[in-house]
Amino acid sequence: MNTKPEGCFSEEPVVIKTEALTRKYGKISAVDSMNLEVKEGEIFGLLGPNGAGKTTLISMLCTILKPTSGRASVNGFDIVKEPGKVRKSIGIVFQAPSVDDLLTGRENLQMHNLLFGVPREIRKQRIHEVLSIVNLEKRADDLVNTYSGGMRRRLELARGIMHHPKILFLDEPTLGLDPQTREHIWEYISDLAVKECMTVMLTTHYMEEAESLCDRVAIIDYGKIVVLDSPSELKNQIVGDVVKLKQRTPDTEALKKLEYVRKIEVKDGLLYLSIKDASKHLQDLLTHTGSIDFVEVRSGTLNDVFMHYTGREIREGEAEGGFWERMMKK
Amino acid sequence: MSEIEGIYAIWLREAKIYMREKERVISSIVSPLLWIFAFGAGVGSTVETVQGYSYQIFIYPGVVVMTVLFASLFYGVYIIWDRKLDFLKEVLVAPVSRASVFAGKALGGATDSMIQVVFLLIIGLFISVPLTPIVIIKAFLMLLLISIAMVSIGLVIGANLKSPEGFTLVINFVMWPMFFFSGALFPVSNLSGWLSAVTFINPLTYGVDAVRGIILGTHQFPIFLDVAVMLLFSLIAMGIGVLSFRRM
Ligand SMILES: Nc1ncnc2c1ncn2[C@@H]1O[C@H](COP(=O)(O)OP(=O)(O)OP(=O)(O)O)[C@@H](O)[C@H]1O
Ligand SMILES: [Mg+2]
């Protein structure tokens, strides 16, 4: 994924830029003074628990929500002063379904072609192309209200990418999709990112997806960026490797002193250690653990990084958006 | 070019949906039929003639205008549903101006109303309303103008409200006074005092007068005044409509 996109010629490599961008809902700040730069041709992931502010950020960037304060530009255009020009540069797949129920799949796509100014000569071909990617050719002429949930999602995705936008926003695009479709879509999108120098900003709760696709990810929580880097850097710096073991006589005191041990967690009688480099330190580690019943080593994942920064449990009330939790905090 | 295609795309969607929802078409035909046959014939049996026409014929232009008024104003509620169901987001994030989005929606609403007008004109031929081809064309254009004005008002209200219930409430306060004080059911000239004052400031009075003038030849005001008032009113309503859409 880290290949340099071929199709990028632009002089201004930063295509999305936010400066102290803020959106408040009453007292809570859904997006809180956020500074962010996304480069051209990059696939950029936004990760964060429910209610972190991902959708709010994307809504502002695609001009359907006005910021409370701060500034942002997309493709060099100010989102408040030049929303028309921003809209010419983007494509978006919303988190909440927005395909038209009362039209057929094909009619939805035809309408999109007209609205987004796809040149007449390539309209038919584009529709054909995206329908085959999401595997909806057979149902294209049925009304959308006869589709299954996943099929709607697929149509939505087909529509969002159909006009080959300069910048594509995807808000949990693959939620509820089967693995085959997911593969297909990511292949097509990464291909576009390289060939047409399309920039992609996506949110997802599937960490493996973010890990394999994104050039960089930002973990956000409570409307702020907690950390931002490439997935591999984040894994190296934060987790390294994870050693799971069971001590015969539980005692973590000695382990805490070791400089290569980054984090210790106890869960269900098992010990989870984040180790800088297991291949180098495992031997030494085992001399400090006492006798053990069981040990397992694996390399850290983006999931570990995510948990490290945003906490292990799904927070109380957070699934509903965390509204009350945050009200209480203020 | 792309703006025109945008308007076309939005209009096309509205037209398709209207034709697919049979209930919408049927209900909008039934109520004017009731007015003409039940109300017109019922009241007509107690009233001699009005301005030389049987009451049923006299209220025919008024009923046509009423149908346009109701259908056009109520069309605004669909924008609320579109927003509730998130269909509208796709359009709001598209690179077409809000003026074009408004124009597409307004034309969509006017199309709904004018389809009903066509039905009513056909019925008019059967109850011996004096309709010649030229009268039909003139009446059609006038009704289109009225429809665009009323659709615009409906869209303004729809764009500024969040719930369909709220819309119904507000629209009733707009629709019924406009209808009753427009001379659709009785001649304005007979009124006195404050009632006649109300009819004079009601823009629909001029619309009704124009349509009745075109169809039955009985004018209260000169036709150019009728047209000028409706035109001005439409322009204002459309202007406010575009502003409301910009804020969405
Ligand atoms: N229309 C609204 N009115 C009030 N509060 C809102 C509104 N929309 C979002 N919020 C609040 O803003 C915060 C951020 O919401 P947002 O939808 O951006 O989260 P998210 O990161 O997209 O979450 P998820 O992963 O669940 O999609 C939440 O606390 C939410 O309750
Ligand atoms: Mg969201």
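These figures come from a predicted structure and were not determined experimentally.

**Observations regarding helix α4 (residues 123-133) of chain A**
R123, R126, I127, V130, L131 and I133 of chain A are the residues of α4 of chain A that are buried. Each buried residue of α4 of chain A sits inside an arc of 160° when the element is viewed along its axis, so together they form one side. Exposed residues lying more than 90 degrees from the buried face of α4 of chain A are K124 and H128 of chain A. Structurally, α4 of chain A contributes buried residues whose contacts are with α3 (105-115), α5 (149-162) and α6 (179-195) of chain A together with α1 (2-20) of chain B. Two residues or fewer after α4 of chain A comes N135 of chain A, characterised by a positive phi angle close to 60°.

**Observations concerning the sheet that holds strand β1 (residues 14-25) of chain A**
Residues and elements named next belong to chain A. The strand order across the open sheet built from four strands is β2-β1-β4-β5, with neighbouring strands paired in antiparallel fashion. Unpaired on one side and paired on the other, β2 (28-39) and β5 (77-78) mark the two borders of the sheet. Sitting on the sheet, helix α1 (residues 54-61) is in contact with β1, β2 and β4 (69-74), with an inclination near 120° to β1.

**A short note on the state of the cysteines**
In protein chemistry, a disulfide is the covalent bond that joins the sulfur atoms of two cysteines. Residue and element names in this part refer to chain A. Within the structure shown, the criterion is met by zero disulfides over all chains. The structure places no disulfide on C62, whose sulfur is separated from the nearest cysteine sulfur, that of C214, by 18 Å. Here C62 falls in the buried class, since its relative accessible area comes to 0%. Left unpaired, C214 is separated from the closest cysteine sulfur, that of C197, by 16 Å.

**Looking at the coordination of the magnesium ion (ligand 2)**
For a metal bound by four donors in a tetrahedral arrangement, the ideal donor-metal-donor angle is 109.5 degrees, while six donors in an octahedral arrangement ideally sit at 90 or 180 degrees. All names here are of chain A. On the protein side, the magnesium ion (ligand 2) has T55 (OG1) and Q95 (OE1) as donor atoms, found 1.9 to 2.1 Å from it. Placement of the pair is T55 in helix α1 and Q95 in the loop between β6 (90-93) and α3, with a sequence separation of 40 residues. Judged by its relative accessible area of 30%, T55 falls in the partly exposed class.

**Let's talk about the environment of L121 of chain B**
All names here are of chain B. Structurally, L121 is set in helix α6 (residues 98-126). L121 sits 15 residues away from I136 along the chain, and the two C-alpha atoms are 7.6 Å apart. With residues near it in sequence (within four places) discarded, L121 still touches Y60, L131 and I136.

**Things to note about the packing of helix α8 (residues 231-239) of chain A against helix α11 (residues 302-310) of chain A**
All names here are of chain A. In the contact formed by α8 and α11, the axes pass within 9 Å of each other and the chain directions differ by 60°. Here α11 runs oblique to α8, going by the angle between their axes. Every pair of crossing elements has a handedness; the one defined by α8 and α11 is left-handed. Seen from α8, the contacting residues are P231, L234, K235, I238 and V239; seen from α11, they are L302, D304, V305, H308 and Y309. Looking at side-chain class alone, the contact of α8 with α11 contains seven nonpolar, one polar and two charged residues.

**Digging into the environment of L47 of chain A**
Relative to the helices and strands, L47 of chain A is located in strand β3 (residues 43-47). In contact with L47 of chain A, not counting residues within four places along its chain, are K54, T204, M207, A210, V217, A218, I219, I220, L302 and F306 of chain A.

What counts, and where the lines are drawn
Residues numbered from 1 in each chain as written. Chains lettered and ligands numbered in written order. Predicted model: local features only at pLDDT ≥ 70, side-chain atom pairs only at ≥ 80, totals over all residues. Heavy atoms only, no water. Buried < 20%, exposed > 50% of the residue type's maximum accessible area, 1.4 Å probe, protein only. Helix = DSSP H or I, 4+ residues; strand = E, 2+ residues; numbered from the N terminus. Arc of directions from axis to C-beta. Contact = heavy atoms within 4.5 Å. Pairing = 2+ DSSP bridges. Axes fitted to C-alpha atoms, helices over the stretch in contact; angles between N-to-C directions. Disulfide = S-S within 2.5 Å. Donors = N, O, S within 2.8 Å, 3.2 Å for Na, K, Ca; no water. Parallel < 35°, antiparallel > 145°, perpendicular 65-115°, else oblique. Left-handed = near helix turned anticlockwise from the far one by under 90°. Nonpolar A, V, L, I, M, F, W, Y, C, P; charged D, E, K, R; others polar.

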